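# An overview of the molecular structure
So the chains spell out like this:
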Amino acid sequence: MKTLNIKKFNLTSLFVPVFVLSMVLVSCNKVLDVDSNYIIDADNDHLNNATDTMYSATGILKKLQAIGDRTVLLGEARGDLVDLGAGISPDLQEIATFSKVSDDNKYNNPRDYYAVINNCNYYIAKADTALKNSRNQYVFLGEYAAIKAIRAWTYMQLAMVYGEVPFYTQPILNASEADVNIYPRKSLKEICRYFLDEDGLQELAKNTEAAYPTYGNKNIWNIPPKLLFIPMNVILGDLALWAADSNDKATYLKAAKFYYNYIVERNVSDYPYPTGIA
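Residues numbered from 1 in each chain as written. Predicted model: local features only at pLDDT ≥ 70, side-chain atom pairs only at ≥ 80, totals over all residues. Heavy atoms only, no water.

## Details of the overall build of the chain
- Helices and strands together make up the secondary structure of the chain, namely 9 helices and 2 strands.
- Mapped from its N terminus to its C terminus, the chain presents α and β elements in the order α-α-α-α-α-β-β-α-α-α-α.
- Across the 278 residues of the chain, 44% fall into the buried class.
- In the chain, once contacts between residues fewer than 6 apart in sequence are set aside, the share between residues at least 24 apart is 67%.
- A total of about 14,600 Å² of accessible surface is found on the chain, and carbon and sulfur atoms cover 50% of it. (Helix = DSSP H or I, 4+ residues; strand = E, 2+ residues; numbered from the N terminus. Buried < 20%, exposed > 50% of the residue type's maximum accessible area, 1.4 Å probe, protein only. Contact = heavy atoms within 4.5 Å. Areas by Shrake-Rupley, 256 points an atom, 1.4 Å probe, with all protein chains shown as cover.)

## Side note on the pattern of salt bridges
- One pass over the full model with this rule turns up 7 salt bridges.
- The residue Glu203 makes a salt bridge to Lys206 at a minimum N-O spacing of 3.7 Å. Of this pair, Glu203 and Lys206 both sit in helix α7 (residues 201-206), 3 residues apart, which is roughly one turn of that helix. Across this residue pair, the class does not change: Glu203 and Lys206 are exposed. (Salt bridge = Lys/Arg side-chain N within 4 Å of Asp/Glu carboxyl O.)

## Focus: the nonpolar core
- One finds Ile150, Tyr155, Phe195 and Leu239 to be the most contacted residues of the largest nonpolar core, which totals 62 residues.
- At the level of elements, α2 (50-76), α3 (90-96), α4 (110-126), α5 (141-162), α6 (188-197), α7, α8 (232-243) and α9 (249-266) are the ones that each hand at least two residues to this core.
- It is α5 that provides the largest number of residues to this core, a total of 16 residues.
- Apart from residues no more than four positions distant in its own chain, Tyr155 is found in contact with Tyr114, Ile117, Pro166, Phe167, Tyr168, Ile191 and Phe195. (Core = buried A, V, L, I, M, F, W, Y, C linked by side-chain atoms within 4.5 Å.)

## Some words on the side chain of Asp199
- Among the structural elements, Asp199 can be located in the loop between α6 and α7.
- Separated by 3.0 Å, the side chains of Asp199 and Arg151 make a polar contact.
- The contacts of Asp199, once residues within four sequence positions are left out, are Lys148, Arg151 and Tyr194. (Polar contact = N/O pair within 3.5 Å; in protein donor to acceptor, adjacent residues only side chain to side chain.)

## What to know about the packing of aromatic side chains
- Using the criterion set out here, one finds 9 aromatic pairs in the structure.
- Look at Tyr114 and Tyr155: their rings are 6.4 Å apart centre to centre, the planes differ by 85°, and that puts the pair in the edge-to-face class. Taken together, the positions of Tyr114 in helix α4 and Tyr155 in helix α5 put the pair 41 residues apart, joining distant regions of the chain.
- Measuring from centroid to centroid gives 4.6 Å for Tyr155 and Phe167, while their planes differ by 35°, and the two rings are tilted. One end of the pair, Tyr155, is in helix α5; the other, Phe167, is in the loop between β1 (165-166) and β2 (185-186), and 12 residues separate them in sequence.
- Here a set of aromatic residues connected by ring pairs shows up, and it is made of Tyr114, Tyr155, Phe167, Tyr168, Tyr183, Tyr194 and Phe195. (Phe/Tyr/Trp six-rings, centres within 6.5 Å; stacked < 30°, edge-to-face > 60°.)

## Focus: the packing of α5 against α8
- The N-to-C vectors of α5 and α8 enclose an angle of 30°; their axes lie 10 Å apart at closest approach. By the angle between their directions, the pair α5 and α8 is classed as roughly parallel. Judged by the twist between their axes, the crossing of α5 over α8 is left-handed. Here α5 contributes Ala145, Ala149, Ala152, Trp153, Met156 and Met160 to the contact with α8, which in turn contributes Met232, Ile235, Asp238, Leu239 and Trp242. (Axes fitted to C-alpha atoms, helices over the stretch in contact; angles between N-to-C directions. Parallel < 35°, antiparallel > 145°, perpendicular 65-115°, else oblique. Left-handed = near helix turned anticlockwise from the far one by under 90°.)

## A look at a nonpolar patch on the surface
- Taken together, the side chains of Trp221, Ile223 and Leu227 define a hydrophobic patch exposed on the protein surface, amounting to about 310 Å² of accessible area.
- Position of Ile223 among the secondary structure elements: in the loop between α7 and α8. (Patch = residues over 30% accessible without salt bridge, like charges linked within 9 Å, V, L, I, M, F, W, Y side chains within 5 Å.)

Here's what the structure looks like:
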């Protein structure tokens, strides 16, 4: 797998938790401007209100769209059976021909991945996951699990494209934290191992309360919330596949179990083990 060289950049535009403000009708440029009047006091902010956390989660989904198309292009444009034809842009030509991708190539922007990651880090650090409602149910656990899954997926895609990448799991909130050189670099395998074994995703996948955010069964953008988030067991299956060595049968088997459990979630009545397999 040939990766792109990660260009020099810093994270100074990431210390504003922009996802909290995603439902305010301002441009992305305005929100990312550190002199903007819309900046909140990150040190005093806590996500313990259902409306705020919903806006936070949908804001992360909006940031995720910035890398969605690019993820497909960076993978499929370099496929063996893909012919892009005549007249394609120089940016896509660089990718498709495995040339050195220039820093100004519009598809070469690791900052967009880190914008998602930093917003996920902020949510994970600030959300009150211990809060329960009158029925003794966790209020934000479904969102928390969904945001953790998005962070794992984004890091995995980033490492597929760039190889070893700066890795951090706490939100960047000020300029002193924004230098990528102060963070350790992790490979794709190391990143997958971390999220598979150290981030608590496997335990969240077993918790039925953490399956998906429901928002009282209300739709978002006319779409059921369950369809907007990446299923935890699919993420875990992908992490296990990329984490496994060529002779690592146990991890490959673990990946198969995660995928099976996802199928069970979607089609409980069609499979003999409706509770999944451990």
